[in-house]
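What follows is each chain in one-letter form.
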Protein chains: 2
Amino acid sequence: MDFTLEDISDDEIARRRAVFEPLVASVRDLVDAVIRTEVDDEVVVDAQRTVSGVVDALRAQQMDGAYGVRYTSNLVGMAWGNAVMGMRNAIAPPVHSTPDGGGVRAEFTLGAAYEGPPGHVHGGVCALVLDQVLGEAAAADNKASYTGTIEFRYLRPTPLGQLVARAEIVERAGRKKTVRGTLSDARGITVEAEGLFIVPKDVPEL
Amino acid sequence: MDFTLEDISDDEIARRRAVFEPLVASVRDLVDAVIRTEVDDEVVVDAQRTVSGVVDALRAQQMDGAYGVRYTSNLVGMAWGNAVMGMRNAIAPPVHSTPDGGGVRAEFTLGAAYEGPPGHVHGGVCALVLDQVLGEAAAADNKASYTGTIEFRYLRPTPLGQLVARAEIVERAGRKKTVRGTLSDARGITVEAEGLFIVPKDVPEL
């Protein structure tokens, strides 16, 4: 597991964010628009040609493989390819958690691209987001960890729209941590999660 | 939960697929290219302007809300917005399962957009895909069902690349079904899953 050192300044990080964040936001809009559009076929065909041209332009120079997880030497993390919170990943809703009491909390919105049952969040997307948020809660003591097991209990369907995820460590035992979390809409909890997270021996402190 | 009747012919379904599949494939490429590109900033800025224009063109006429889950009167399902297998959803890898013995099986490839740990599939993406595949196995007796609980056991990190998911019903009790599944790479199983699925009273037979 190769965590990459990329020693760039805070200014350079801010510059890269300023270049990429608008593009990633537009690609998120595009994903949504492709699902929901009702325009004539010719417009869809034109859109494909245009998007394909943009892909060619961006691929003119590109890294081999995935983005990876990069850190500066003062340990600013840049998991910019991450499927849930990555700054350069248009699949990521994105979900950004902040400290909340002893745990973490994230507010985010899930639109048409995250649908499973009609008008509702895909159960697996609930799991995707909670896996990330529970993992961040597990790392709240500055040690990265991997999910050993995680269980989700679906109390009722989660509507698409504004949601909140919370998680915190509830038990520690050696390199193992038990983390509990919830996904909620305005009416209350829709999904409960409990995970066992394990700190590997070879991972740097965050 | 509103399952929509949209009575179109097989030919019309094929026509719509022919129009949208190339666009969705190009948007998937775009998501990947945005993560991996190393072109100069000007190209990224130009890409944003172009993508934004395509979004405007597609949004000129669009449905309210999400795509929903639509069926023809002879029960051909069109869950085209689905986050894991939806034909119009560029977030979906996509994962398509086929019957396999008493259960279902899906082969698919996960690239840079599904990354969590460096070079590896996000644990939550493993859960996302398995939730869908276990749900499809649960529906193998022609009754749609919802996930009650689901647990994932991570045996080792799942590398990005070609993967296989399998699932089958292992126990039935009234409206409840226990389904077990696995995610595997070429070396063997990486994640095990077990879910309890529930057939609601108000869902049509598929």
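Residues numbered from 1 in each chain as written. Chains lettered and ligands numbered in written order. Predicted model: local features only at pLDDT ≥ 70, side-chain atom pairs only at ≥ 80, totals over all residues. Heavy atoms only, no water.

(A) Layout of the UniProt feature "domain: Thioesterase" (unreviewed entry) in chain A. Per the UniProt entry, the sites bearing "domain: Thioesterase" (unreviewed entry) are residues 119–188 of chain A in this numbering. Summarising residues 119–188 of chain A: 23% helix, 47% strand, and an end-to-end C-alpha distance of 18 Å. (UniProt positions renumbered as here; feature names shortened; annotations may be inferred. Helix = DSSP H or I, 4+ residues; strand = E, 2+ residues; numbered from the N terminus.)

(B) Main features of the sheet that holds strand β1 (residues 3–5) of chain A. The three strands are arranged β1-β2-β3 (chain A) in an open sheet whose pairing can be described as mixed. Where the open sheet ends on each side, the last strands, each with one partner, are β1 and β3 (77–78) of chain A. (Pairing = 2+ DSSP bridges.)

(C) Focus on the pairing of strand β5 (residues 103–110) of chain A. All names here are of chain A. The pairing of strand β4 (residues 98–100) with β5 spans three bridges and is antiparallel. In the strand pairing of β5, D100 is matched with G103. What sits between β4 and β5 in their antiparallel hairpin is a turn of two residues, with G101 showing a positive phi close to 60°. Two elements, β5 and strand β7 (residues 161–173), share seven bridges in a ladder whose sense is antiparallel. Pairing of V104 across the sheet is with A167, part of β7.

(D) Structural detail: helix α3 (residues 123–138) of chain B. For α3 of chain B, which comprises 16 residues, the first-to-last C-alpha distance of 22 Å matches the rise-based estimate of 22 Å (1.5 Å per residue) to within 8%. Most of α3 of chain B is tucked away: 15 of the 16 residues are buried. (Expected span 1.5 Å × (residues − 1). Buried < 20%, exposed > 50% of the residue type's maximum accessible area, 1.4 Å probe, protein only.)

(E) Here's a closer look at the packing of aromatic side chains. Taken as a whole and judged by the stated rule, the model has five aromatic pairs over all chains. Ring geometry for F3 of chain B and Y71 of chain B: centres 6.0 Å apart, planes at 45°, overall tilted. One end of the pair, F3 of chain B, is in strand β1 (residues 3–5); the other, Y71 of chain B, is in strand β2 (residues 69–71), with 68 residues separating them in the sequence. Judged by relative accessible area, F3 of chain B falls into the partly exposed class, the value being 24%. Over the ring of F20 of chain A we find R88 of chain A, and its NZ or CZ is 3.9 Å from the ring centre. (Phe/Tyr/Trp six-rings, centres within 6.5 Å; stacked < 30°, edge-to-face > 60°. Lys NZ or Arg CZ within 6 Å of the ring centre and 35° of its normal.)

(F) View of the sheet that holds strand β9 (residues 188–198) of chain B. Taken together, twelve strands build an open sheet; the order of strands is β4(A)-β5(A)-β7(A)-β8(A)-β9(A)-β6(A)-β6(B)-β9(B)-β8(B)-β7(B)-β5(B)-β4(B) and the sheet is antiparallel. Strands at the two margins of the open sheet, each flanked by one partner only, are β4 of chain A together with β4 (98–100) of chain B. Here the average twist between neighbouring strands, direction ignored, is 25°. In the sheet, strand β6 (residues 146–154) of chain B pairs with β9 of chain B via eight bridges, with the strands oriented antiparallel. Each residue of the ladder has a partner; that of E151 of chain B, found in β9 of chain B, is E194 of chain B. (Axes fitted to C-alpha atoms, helices over the stretch in contact; angles between N-to-C directions.)

(G) How the structure looks around the domain arrangement of chain A. Residue and element names in this part refer to chain A. Here chain A is partitioned into domain 1 (1–92) and domain 2 (95–198). The gap between the C-alpha centroids of domain 1 and domain 2 is 24 Å. Taken together, the twelve residues of domain 1 in the interface contact ten residues of domain 2. Counting the surface lost from both domain 1 and domain 2, the interface buries some 820 Å², and carbon and sulfur atoms represent 62% of this. For the domain 1 face of the interface with domain 2, the top three residues by lost area are I35, V84 and M85, together amounting to 54%. Here domain 1 is connected to domain 2 by zero salt bridges. Across the domain 1-domain 2 interface, the total number found is three residue pairs in polar contact (both at pLDDT 80 or more). The biggest single contributor to the side of domain 1 that touches domain 2 is helix α1 (residues 10–36), with four residues. Of the residues assigned to the side of domain 1 that touches domain 2, the class counts are nine nonpolar, one polar and two charged. (Domains from an automatic or database assignment. Contact = heavy atoms within 4.5 Å. Buried area = accessible area lost by both parts, 1.4 Å probe. Salt bridge = Lys/Arg side-chain N within 4 Å of Asp/Glu carboxyl O. Polar contact = N/O pair within 3.5 Å; in protein donor to acceptor, adjacent residues only side chain to side chain. Nonpolar A, V, L, I, M, F, W, Y, C, P; charged D, E, K, R; others polar.)

(H) Seen up close, the pairing of strand β7 (residues 161–173) of chain B. Residue and element names in this part refer to chain B. Note that β7 and strand β8 (residues 176–185) share nine bridges and pair antiparallel. Residue pairing across strands places A165 opposite L183, the latter belonging to β8. In sequence, β7 turns back onto β8 through a hairpin of two residues, with G174 there showing a positive phi of about 65°.

(I) Expanded view of the relation of the copies chain A and chain B. Mapping chain A onto chain B is achieved by rotating through 180° and translating by 0.0 Å along the same axis, at an RMSD of 0.0 Å. Expressed as an axis order, the relation between the two copies is that of a two-fold axis. When C-alpha distances to the rotation axis are compared across chain A, the minimum falls at E151 of chain A, with a value of 2.0 Å. The overlap is high: 100% of the interface residues of chain A also sit at the interface in chain B, so the same surface is used on both sides. (Least-squares fit on C-alpha atoms with pLDDT ≥ 70 in both.)

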